[in-house]
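Chain by chain, the residues:
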Amino acid sequence: MKVIVQKFGGSSVATKDSRKAVIKKIAKAKNDGYKVVVVVSAMGRSGDPYATDTLIDLVKHSRAKMKTREMDLLLSCGEIISAVVLCSELEEAGFSASCLTGPEAGIITDDNHGDARVLEVHPAEIQELLNQDEIVIVTGFQGKTRDGKITTLGRGGSDTTASAIGVALEAEMIEIYTDVDGVKTADPRMVGEARTLEKVTYNELCQLAHEGAKVIHPRAVEIAMQRNIPLRVRNTFNDHPGTLVMSGEVKYEQPTKIKDSLITGITHITNISQIKVSFKNTGDAGAALKVFKLMADNSISVDFIYTSPEEVIFTVKDDVVETAVSVLEENGLPPVVRGNCAKVAAVGAAMTGVPGVMAKIVSALVSNDIEILQSSDSYTSIWCLVDRDDLKKAIQALHKQFNLHETVQEKVC
Ligand code: ADP
Ligand code: ASP
Ligand code: MG
């Protein structure tokens, strides 16, 4: 059985007109002889009636923080509405389609409500419907625990649903349809001339996604990679071939371009704050451990960590900064906080072991009067913390510095 999984994001299913474009993509896959599984996100973006953010806003007034299990019940509704609406329009267009919720589609997760991980997929019901030649629409972003509680898979998690089903059905291809042509060298909202990558490896896309390239969820890439199922990120609204994601190593057909292609893309993450705790002259040798233990005990994830005998510096997401500060103050470790920060990263497997990349980054940022508040690196990424107001300028400066707008011929070997 030749199976394709097609996932359509929020903007693709937002309106009747946009769903016409979705139906065209599904019809094409059917015409090409595929059994088609369609995974949908909730309709639209913040402010649209059934979008995930709108559902979240419905309970924001509540003073008591809504329990994550109840929140998952609410959030799962967005994808259910979307699936049924698309199903009715497919039927109207003459196709035979059926809807399954994530739990009905056999998606079993852990019990980490709000950010659950897929543990297993039992696709018997999907298979049965495919055997009857139905188009099977599965609600993205949700599953159930082993004891039947509904869970959601973290923001952007419909991509993960598509990959999990693609792997379970050994699909020929997983297509991630969205509102841009594919994976680009930077967020096109930040860099107008960002180039669409023709091919990218799972590993590199995973890195880009973890560092903020929100076009795909990193777990979706990790899951597809486990079984080597090809992924393609594409635009719902045109016929651009998109970005093919696969294993191997991307080689450049024009050797002269190699030097300029040390970096694959520039990514960014906003809404973070920098926290400094100084313990100079306190004589408290265990202060650093105390700080990180306090953060861990309060489930606060820390990033960009710098430690020295005199201070620790790290970043946290804005939505937990208040808790972090009060916990530190209560324990005699008053912090200095710098809010309104953003993290910009240059990502590229080809930078490994190549000297001078950091010098190029510093030079691009400094010559644009951008202050680097902190920096860090790994084999394949260099991160800089900058003021949020400098972010766009920083992304554009780095994109230009590494000539990422220039076309290179990518070849996966
Ligand atoms: P969907 O609703 O289809 O899942 P998302 O909003 O989650 O769509 O992801 C698509 C958006 O990701 C694009 O509109 C784009 O602004 C953003 N984006 C961020 N980084 C990148 C990148 N490197 N390449 C392409 N798009 C990116
Ligand atoms: N609707 C969910 C979200 O907005 C999941 C998704 O769109 O992938 O995060
Ligand atoms: Mg998305």
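Summary of the structure given here.

Parameters at a glance
Residues numbered from 1 in each chain as written. Chains lettered and ligands numbered in written order. Predicted model: local features only at pLDDT ≥ 70, side-chain atom pairs only at ≥ 80, totals over all residues. Heavy atoms only, no water. Core = buried A, V, L, I, M, F, W, Y, C linked by side-chain atoms within 4.5 Å. Buried < 20%, exposed > 50% of the residue type's maximum accessible area, 1.4 Å probe, protein only. Helix = DSSP H or I, 4+ residues; strand = E, 2+ residues; numbered from the N terminus. Contact = heavy atoms within 4.5 Å. Near = heavy atom within 4 Å. Polar contact = N/O pair within 3.5 Å; in protein donor to acceptor, adjacent residues only side chain to side chain. Areas by Shrake-Rupley, 256 points an atom, 1.4 Å probe, with all protein chains shown as cover. Nonpolar A, V, L, I, M, F, W, Y, C, P; charged D, E, K, R; others polar. Salt bridge = Lys/Arg side-chain N within 4 Å of Asp/Glu carboxyl O. Pairing = 2+ DSSP bridges. Phe/Tyr/Trp six-rings, centres within 6.5 Å; stacked < 30°, edge-to-face > 60°.

**As for the nonpolar core**
Ranked by size, the top nonpolar core spans 47 residues in total, and within it Val37, Ile126, Ile165 and Ile216 carry the most contacts. A per-element tally of this core places helix H6 (residues 202-210) first, with five residues. Among residues more than four places away in sequence, those in contact with Ile165 are Val5, Val37, Val39, Ile107, Ile126 and Val138. Judged by nonpolar contacts, the second largest core, of 26 residues, contains Ala364, Leu391, Ala394 and Leu398.

**Observations concerning the site of ligand 1**
By nearness alone, 18 residues border ligand 1, and Arg45, Thr178, Asp187, Arg189 and Lys214 come closest of all. Thr178 is positioned with one of its side-chain polar atoms (N or O) 2.7 Å from an oxygen atom of ligand 1. Within the side chain of Asp187, one N or O atom sits 2.8 Å away from an oxygen atom of ligand 1. Relative to its free-state accessible area of 570 Å², ligand 1 is covered by the protein chains to the extent of 92%. Across the shell around ligand 1, the residue classes break down as seven nonpolar, four polar and seven charged.

**Section: the pattern of salt bridges**
For the structure on display, the rule yields 21 salt bridges. Measuring nitrogen to oxygen at the nearest pair gives 3.3 Å for the salt bridge that ties Asp115 to Arg219. A residue pair is termed long-range when its members are at least 10 positions apart, and Asp115 in the loop between strand E4 (107-109) and strand E5 (118-121) and Arg219 in helix H7 (residues 218-226) qualify at 104 residues. By relative accessible area, Arg219 is classed as buried at 15%. As a salt-bridge pair, Lys343 and Asp303 come within 2.8 Å of each other at their nearest N and O atoms. With Lys343 in strand E17 (residues 336-347) and Asp303 in strand E15 (residues 303-307), this pair connects stretches of sequence that are 40 residues apart. Classification of Lys343 by relative accessible area gives buried; the value is 7%. Note on Asp303: relative accessible area 33%, which makes it partly exposed. Within this structure, Lys30, Lys35 and Asp133 form a network of salt bridges that share partners.

**Re the pairing of strand E1 (residues 3-8)**
Extensive coverage of E1 is indicated by the burial of six of its six residues. Of the two faces of E1, the one lined by Val3, Val5 and Lys7 and the one lined by Ile4, Gln6 and Phe8 are each fully buried. With six bridges joining them, E1 and strand E2 (residues 35-40) adopt parallel strand pairing. Bridge pairing links Val5 to Val37 in E2. With five bridges connecting them, E1 and strand E9 (residues 173-178) associate as parallel partners. Looking at E9, one finds that Gln6 is bridged to Glu175.

**A word on the packing of aromatic side chains**
Counted under the stated rule, the structure contains two aromatic pairs. With a centroid separation of 4.9 Å and 10° between ring planes, the pair formed by Phe8 and Tyr177 is classed as stacked. Of this pair, Phe8 sits in strand E1 while Tyr177 sits in strand E9, and the two are 169 residues apart along the sequence. Of the two residues, Phe8 and Tyr177, both sit in the buried class. With centroids separated by 5.6 Å and ring planes inclined at 55°, the aromatic side chains of Phe292 and Phe314 adopt a geometry described as tilted. Of this pair, Phe292 sits in helix H8 (residues 287-297) while Phe314 is found in strand E16 (residues 311-317), placing the two residues 22 residues apart along the sequence.

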